[in-house]
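Remarks on the overall topology
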Amino acid sequence: MRSFAEIEAEIDGIANAGLTPQEAVARLVAIGEEILEHWIIARGETPTLEQKEGFRLLALHRQGAKGDPSFNACRETARELAYHYNLITLEPDHPDTRKRVMLAAMVARHLCLFISGKMEVAGLGEFCCSSRPLRAAGG
Amino acid sequence: MVDVTEKARKYRSVAYYPGCALEGTGHAYNVSTKAIAKELKLGLKEVKNWNCCGAMEVKNIDPKLQTYLSSRVLSIAAIEMGHEVVMAPCNGCYHNLKKAEYDLAHDPESVEVTERLSKKAGHATYKAGQVETIHALDWLKATVGEDGIKERTKGKLAGLKVANYYGCMYVRPRHIFPEKDKGPGSESTTKPHFMDDLLAAAGAENVDFPLKTACCGGAHTLSDSDTSTKLVLNILQAAEASGADVIATECPTCHTGLEMHQVRAEKRFGKKTNVKIMYFTQLLGLALGIRPRKLGIQSNISDGMELVVEKRLT
């Protein structure tokens, strides 16, 4: 898995990645899923493949919040990302589409910042070399 | 459906619980709330000898002690002062009083601890349901409402673009706010709108702002300041990208965080943002014709005076 810094860099560059608005927002939703997977894997769980309200993103959020009510502080952030996906894919020719993609990127960035900060505070660290379950498994 | 008339009657005179923040960094929220009450002839009677609601510090260590601390405030408001309603403008206080109410209705252990500590402290034990806790937004929405605001302000905020920022504690967790999500007239926990409604009634243009309930990083401010600054910077940049002139706030912790990290983002990361930050009570106060000084606008760190003059809000 990628580091949060790498994820953030992709979010920052999404507007200039040569993607159509629909591709860009689909990519942002996939990034949102990747961010939530970090949290779930660091807690020693397997990320769900299920969907909630048509989005794996929302199912992953629900999984991540189980047993940790404070994680719901990012519930609406995840939902906003799903909302922007619907907005952009249903109205790709809307005059505000460019702005909507930019705002969707900011929502994805917020999710990334919130979860990376939460992992830091929870002592889970960044995924890969420093995540707690992996450290524990590796001795 | 919500019984608007009954609420308007009940909320016209309330016990006022400013909480610790409004006596310190949230001073401007305190004075602007009181100024609005005076202008609209609404009764605010400060809870006598109130104490801290237990905020995050006590709650993180001993949630039942936090329930007791909040219950003492509720006990004074309901039993000693005889109020039906206590109004808390701070999201943290509002959340904690609601949580205490929920715990005392559902958790026998919380009831036992509260009874024991109330007896030891020598005051009447608060019992669930003796008083109703509301936020400043509930208070103004029910007593004056959009029609009242429209009539009194004559669209004074026209031309002002506002990003309404509620923070994450106003609607979370859902189970402690049983009155929300009850259809027309009630507040939504997924898309809160009371502040949007009130400011739009005063003529403001609410922008589409996707981070209205996003975390401001308040809890990380001391332990991980850089993350807090980045979270706030993202909120400020999103507000600017949405076209907002000003972010309206309804929580002193969020407000202070936005102001403080706006300065820090520039110093630490060289990222300057120009969007202003004002309490919704300050904006409504301006719309009602109250002078900026009486609303504490001069004590905001985010200097809103230029905007007030530019938009002819005074």
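Fair warning: this is a prediction, and the values are worked out from it, not measured in the lab.

Re the overall build of chain A
Looking only at helices and strands, one finds six helices and zero strands in chain A. Along its sequence from the N terminus, chain A presents helices and strands in the succession α-α-α-α-α-α. In chain A, which comprises 139 residues, the proportion classed as buried is 43%. A fraction of 63% describes how many contacts in chain A between residues 6 or more apart in sequence connect residues 24 or more apart.

Comments concerning the overall build of chain B
Along its length, chain B carries 14 helices and eight strands. What you see for chain B is a C-alpha radius of gyration of 19 Å, in line with the 20 Å of a compact globule of 314 residues. Based on the C-alpha atoms only, the size of chain B along its principal axes is roughly 55 × 45 × 35 Å. Each of the 314 residues in chain B was classed as buried or not, and the buried ones make up 56%. Contacts in chain B between residues far apart in sequence, at least 24 positions, make up 78% of those at least 6 positions apart.

Brief notes about the interface of chain A and chain B
Contacts between the two partners involve 21 residues from chain A and, on the opposite side, 21 residues from chain B. Elements represented by at least two residues in the side of chain A that touches chain B include exactly helix H4 (75–90) and helix H5 (97–121) of chain A. Broken down by element, the side of chain A that touches chain B gets its largest block of residues, twelve residues, from H5(A). Within the side of chain A that touches chain B, the residues separate by chemical class into ten nonpolar, five polar and six charged.

What to know about the sheet that holds strand E7 (residues 246–249) of chain B
Residues and elements named next belong to chain B. Strand order in this open sheet of four strands is E6-E5-E7-E8, and the pairing throughout is parallel. Here the strands that pair on one side only, and so sit at the sheet edges, are strand E6 (205–206) and strand E8 (276–279). Strand direction decides the pairing type here: strand E5 (residues 161–165) and E7, joined by four bridges, are parallel. For asparagine 164, the partnering residue across the bridge sits in E7 and is alanine 248. Set on the sheet, helix H13 (residues 280–287) makes contact with E7 and E8; between it and E8 the angle comes to about 80°.

Looking at the environment of B:Val207
Residue and element names in this part refer to chain B. Inspection of the secondary structure assignment puts valine 207 in the loop between E6 and helix H11 (225–241). Overall, the presence of 18 C-beta atoms within 10 Å leaves valine 207 in the partly exposed class. Along the backbone, valine 207 and isoleucine 301 are 94 residues apart, and their C-alpha atoms lie at a distance of 23 Å.

Looking at helix H7 (residues 108–121) of chain B
All names here are of chain B. Spanning 14 residues, H7 covers 20 Å between terminal C-alpha atoms, matching the ideal 20 Å at 1.5 Å per step. Residues of H7 that are buried: Ser110, Val111, Val113 and Thr114. Projection of H7 onto a plane perpendicular to its axis shows the buried side chains occupying an angular sector of 165°, all on one side. Turned more than 90 degrees away from the buried face of H7, the exposed residues are Pro108, Glu109, Glu112, Arg116, Lys119 and Lys120. Buried residues in H7 make contact with helix H5 (63–80) and helix H6 (91–106).

Considerations on the domain arrangement of chain B
Residues and elements named next belong to chain B. If you check the domain split of chain B, you get domain 1 (4–135) and domain 2 (145–310). With centres defined by C-alpha atoms, the gap from domain 1 to domain 2 works out at 23 Å. At the interface, 23 residues of domain 1 touch 26 residues of domain 2. Those elements giving two or more residues to the side of domain 1 that touches domain 2 turn out to be helix H2 (19–22), helix H3 (27–40) and H6.

Points about the sheet that holds strand E3 (residues 85–88) of chain B
All names here are of chain B. Reading across the sheet, the four strands line up as E2-E1-E3-E4 and stay open at both edges, with parallel pairing between neighbours. Both edges of this open sheet fall to strand E2 (43–46) and strand E4 (132–135), since each of them pairs with a single strand only. The sheet shows a mean angle of 40° between the axes of neighbouring strands, direction not considered. The sheet contact formed by strand E1 (residues 13–16) and E2 spans four bridges and is parallel. Counterpart to serine 13 in the pairing with E2 is glycine 43.

Criteria and cut-off values
- Residues numbered from 1 in each chain as written.
- Chains lettered and ligands numbered in written order.
- Predicted model: local features only at pLDDT ≥ 70, side-chain atom pairs only at ≥ 80, totals over all residues.
- Helix = DSSP H or I, 4+ residues; strand = E, 2+ residues; numbered from the N terminus.
- Buried ≥ 20, exposed ≤ 12 C-beta atoms within 10 Å, placed from the backbone.
- Contact = placed C-beta atoms within 7 Å.
- Rg over C-alpha atoms; globule rule 2.2 N^0.38 Å.
- Nonpolar A, V, L, I, M, F, W, Y, C, P; charged D, E, K, R; others polar.
- Pairing = 2+ DSSP bridges.
- Axes fitted to C-alpha atoms, helices over the stretch in contact; angles between N-to-C directions.
- Expected span 1.5 Å × (residues − 1).
- Arc of directions from axis to C-beta.
- Domains from an automatic or database assignment.

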